[in-house]
There are 2 protein chains.
Amino acid sequence: MKPLILVTNDDGIYSKGLLSLYRAMNTIGQAVIVAPDREKSAVSHSLTLHRPLRTEKLAKNIYALNGTPTDCVTIAVSKVLKRKPDLVVSGINKGGNLGDDITYSGTVSAAIEGTILSIPSLAISMEGEKDYRFATAAGYAKKLAGIILREGLPGDTLLNINVPNSTPGKIKGVIFTRQGKRIYDNSIQDTFDPKGSKHYWIGGGVPLWKEGNDTDFYAVKKGYVSITPIHLDLTNYGALDYLKSNWNNYIG
Amino acid sequence: MKPLILVTNDDGIYSKGLLSLYRAMNTIGQAVIVAPDREKSAVSHSLTLHRPLRTEKLAKNIYALNGTPTDCVTIAVSKVLKRKPDLVVSGINKGGNLGDDITYSGTVSAAIEGTILSIPSLAISMEGEKDYRFATAAGYAKKLAGIILREGLPGDTLLNINVPNSTPGKIKGVIFTRQGKRIYDNSIQDTFDPKGSKHYWIGGGVPLWKEGNDTDFYAVKKGYVSITPIHLDLTNYGALDYLKSNWNNYIG
């Protein structure tokens with residue numbers, strides 16, 4: 001039996017990156033798309049609880065859902081797919097998902113949802129702002145998905161993959177990295193509605209990064225594919241020890 | 001000068017838990033509310049990028065914003081407050097934010113945003129389903145906020161606080177905990193629109209938890225206030241070492 005691979009994203013069902021990923025997955029297994037019916041970038045790990053959701057079958061093995069990437073994974077696994085998938089892949093995102101910014105990412109969140117459901121999962125994103133060479137990322141997605149299907153992944157861990165926007169021949173290699181740290185650029189633009197009332201629009205700005213040649217950001221900048229293993233345990237164990245030693249007196 | 005304390009939540013500006021937290025913060029500093037104009041539960045760390053946002057001043061130091069908790073923090077710090085706040089507090093949430101579920105939580109995400117902006121931050125939630133005794137949680141919020149203002153927090157780390165729904169006298173104490181692990185209960189209800197077309201509604205279900213007497217879940221269940229130090233680095237360093245040792249051959 002072919003491996004069953006759930007394909008989703010946060011750029012929406014009509015994204016070329018999704019199609020490219022779907023085709024790559026169909027060369028190594030049976031791919032099924034369940035993806036948001038419109039763009040859902042920066043929705044993070046949102047679940048839609050306040051209204052019912054609907055799937056629409058657009059073609060064989062391709063479904064649109066009027067919800068978030070996380071909704072797509074949970075509904076796909078419970079309601080759309082005939083059995084639990086062997087792999088969840090999310091992407092190919094237009095733009096990198098690097099450093100602290102992954103906490104905003106719908107692309108990564110779909111892979112987090114897969115991981116919560118105990119399904120090996122990866123998120124794949126392409127650096128850049130336009131003219132994405134999705135075929136390059138799709139090639140790496142295929143290779144890495146194949147390894148995951150054969151070797152598995154460490155427990156409770158997904159792979160966050162970022163690919164430079166280059167042709168395959170120009171990629172320098174693959175590096176395992178840690179999540180980098182962004183120097184926050186708080187970019188909010190003032191804007192006005194037709195009646196002259198002030199509004200704020202979040203976005204723009206150029207991210208700056210802290211140095212560190214073992215980070216996701218650095219690898220992509222230098223022309224390498226970055227693979228960061230991400231887990232769901234946010235506990236800061238160092239801080240936990242510190243608080244136990246130092247704060248118990250204050251709390252009494 | 002009094003400490004400046006930004007107060008937000010994800011249950012929306014009319015939540016009693018928010019008001020209770022605001023009053024508690026005003027006893028130790030100058031509190032300012034910037035909170036979503038409606039309920040924004042389970043929005044996770046969403047940022048609103050596709051439309052402008054508007055603040056509405058409802059009273060002195062109380063602002064509603066038509067966005068997510070994360071929007072509230074970033075807009076408050078950049079546009080509403082006269083200076084960078086000394087503390088961000090988020091809550092008091094109706095219902096616990098425990099284990100892996102914190103990745104969905106708007107309450108915790110507001111504190112994550114504060115931390116990204118290098119501001120000490122805490123999220124506080126009350127276990128239970130109704131008849132919340134917010135005064136109990138507000139008392140702990142006041143005490144812990146006071147300690148943070150005096151002692152600071154370990155770098156890049158926020159406190160995720162969960163309080164049992166009891167009177168102060170019945171709380172057994174405070175425990176520092178790690179994030180627990182939920183056994184995922186995939187609860188999705190089939191429902192039908194007036195024309196008979198099938199929809200899915202996510203929600204309901206009773207969470208089950210893996211054992212572990214050092215977890216957030218266990219502490220609250222046993223009647224203690226749980227404090228988990230959370231950081232933003234999702235890298236699984238153990239898995240990173242494993243992949244470096246074992247996967248480089250496959251990748252070639």
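Predicted, not measured: the structure shown is a model, and the values here were computed from it.

A separate point is the relation of the copies chain A and chain B. Taken as rigid bodies, chain A and chain B are interconverted by a rotation of 180 degrees and an axial shift of 0.0 Å, the fit giving an RMSD of 0.0 Å. Expressed as an axis order, the relation between the two copies is that of a two-fold axis. Here 100% of the contact residues of chain A are again contact residues in chain B; the copies associate through an equivalent surface.

This part is about the sheet that holds strand 13 (residues 225-231) of chain A. Spatial ordering of the open sheet is given by 3-4-2-1-5-6-7-13-8 (chain A), a layout of 9 strands whose pairing is mixed. Where the open sheet ends on each side, the last strands, each with one partner, are strand 3 (55-59) and strand 8 (174-176) of chain A. On average, each strand axis in the sheet is tilted by 25 degrees relative to the strand beside it, whichever way the strands run. Strand direction decides the pairing type here: strand 8 of chain A and strand 13 of chain A, joined by 3 bridges, are parallel. Looking at strand 13 of chain A, one finds that V174 of chain A is bridged to V225 of chain A. Lying on the sheet, helix 6 (residues 237-246) of chain B is in contact with strand 7 (157-163), strand 8 and strand 13 of chain A; it crosses strand 13 of chain A at an angle near 140 degrees.

With that settled, the discussion passes to helix 4 (residues 134-151) of chain A. Residues and elements named next belong to chain A. If you check helix 4, its first and last C-alpha atoms are 25 Å apart, about what 18 residues at 1.5 Å a residue would give, namely 26 Å. All buried positions along helix 4 are accounted for by F134, T136, A137, A138, Y140, A141, L144, A145 and I148. The secondary structure elements touched by the buried residues of helix 4 are strand 1 (4-8), helix 1 (16-26), strand 5 (87-94), strand 6 (121-126), strand 7 and strand 13. Just downstream of helix 4 lies G152, where phi reads positive at about 75 degrees.

Right, let's get into the sheet that holds strand 3 (residues 55-59) of chain B. Residues and elements named next belong to chain B. Reading across the sheet, the 9 strands line up as 3-4-2-1-5-6-7-13-8 and stay open at both edges, with mixed pairing between neighbours. Unpaired on one side and paired on the other, strand 3 and strand 8 (174-176) mark the two borders of the sheet. Sheet twist, expressed as the average angle between the axes of neighbouring strands with direction ignored, equals 25 degrees. Note: strand 7 (residues 157-163) against strand 13 (residues 225-231), 6 bridges, orientation antiparallel. Paired with L159 across the bridge in strand 13 is P229. Relative to the sheet, helix 2 (residues 69-80) contacts strand 1 (4-8), strand 2 (30-36), strand 3, strand 4 (62-65) and strand 5 (87-94), its axis offset from that of strand 2 by approximately 130 degrees. Sheet contacts for helix 3 (residues 106-116): strand 1, strand 5, strand 6 (121-126) and strand 7; angle to strand 6, the most-contacted strand, approximately 170 degrees.

Examined against the element boundaries, L47 of chain A turns out to sit in the loop between strand 2 (30-36) and strand 3. Taking the C-alpha atoms as reference, L47 of chain A lies 9.4 Å from C72 of chain A; in sequence the two are 25 residues apart.

This brings us to the interface of chain A and chain B. At the junction of the two partners, chain A supplies 57 residues and chain B supplies 57 residues. Elements with a minimum of two residues in the side of chain A that touches chain B: helix 2 (69-80), helix 3 (106-116), strand 8, strand 10 (188-192), strand 11 (198-202), strand 13, helix 6 (237-246) and helix 7 (248-251) of chain A. A per-class count over the side of chain A that touches chain B returns 32 nonpolar, 18 polar and 7 charged.

Next up on the list: the packing of helix 2 of chain A against helix 3 of chain A. All names here are of chain A. For the pair helix 2 and helix 3, interaxial distance at closest approach is 8 Å and the crossing angle is 25 degrees. By the angle class used here, helix 2 and helix 3 are roughly parallel. The chirality of how helix 2 crosses helix 3 is right-handed. Side by side, helix 2 and helix 3 meet where P69, T70, C72, V73 and T74 of the first sit next to G106, T107, S109, A110, E113 and G114 of the second.

Residues of chain A with pLDDT of at least 70 account for 98%, and the chain-wide mean is 92. Both scores are given for the predicted complex: the pTM is 0.89, the ipTM 0.89.

Between its first and last C-alpha, helix 2 of chain B extends only 14 Å over 12 residues, short of the 16 Å set by a 1.5 Å rise per residue. Inspection of helix 2 of chain B places P69, T70, D71, C72, V73, T74, I75, A76 and V77 of chain B among the buried residues, and these make up the whole buried set.

Let's shift gears to unusual backbone geometry. Backbone torsion omega between G91 of chain A and I92 of chain A reads -10 degrees, so that peptide bond is classified as cis. Along the polypeptide, I92 of chain A turns up in strand 5. Non-glycine residue N61 of chain A carries a positive phi angle of around 70 degrees. A positive phi is found at S118 of chain B, a non-glycine position, where the angle reads about 65 degrees. Mapping S118 of chain B onto the fold places it in the loop between helix 3 and strand 6. The class for S118 of chain B is exposed, based on 12 C-beta atoms found within 10 Å.

Residue and element names in this part refer to chain B. Note on placement: H45 falls in the loop between strand 2 and strand 3. Accessibility expressed as a C-beta count within 10 Å gives 29 for H45, which makes it buried. With 66 residues separating them in the primary sequence, H45 and A111 have C-alpha atoms 9.8 Å apart.

Parameters at a glance
- Residues numbered from 1 in each chain as written.
- Chains lettered and ligands numbered in written order.
- Predicted model: local features only at pLDDT ≥ 70, side-chain atom pairs only at ≥ 80, totals over all residues.
- Least-squares fit on C-alpha atoms with pLDDT ≥ 70 in both.
- Contact = placed C-beta atoms within 7 Å.
- Pairing = 2+ DSSP bridges.
- Helix = DSSP H or I, 4+ residues; strand = E, 2+ residues; numbered from the N terminus.
- Axes fitted to C-alpha atoms, helices over the stretch in contact; angles between N-to-C directions.
- Expected span 1.5 Å × (residues − 1).
- Buried ≥ 20, exposed ≤ 12 C-beta atoms within 10 Å, placed from the backbone.
- Nonpolar A, V, L, I, M, F, W, Y, C, P; charged D, E, K, R; others polar.
- Parallel < 35°, antiparallel > 145°, perpendicular 65-115°, else oblique.
- Left-handed = near helix turned anticlockwise from the far one by under 90°.
- pLDDT = per-residue confidence, 0-100.

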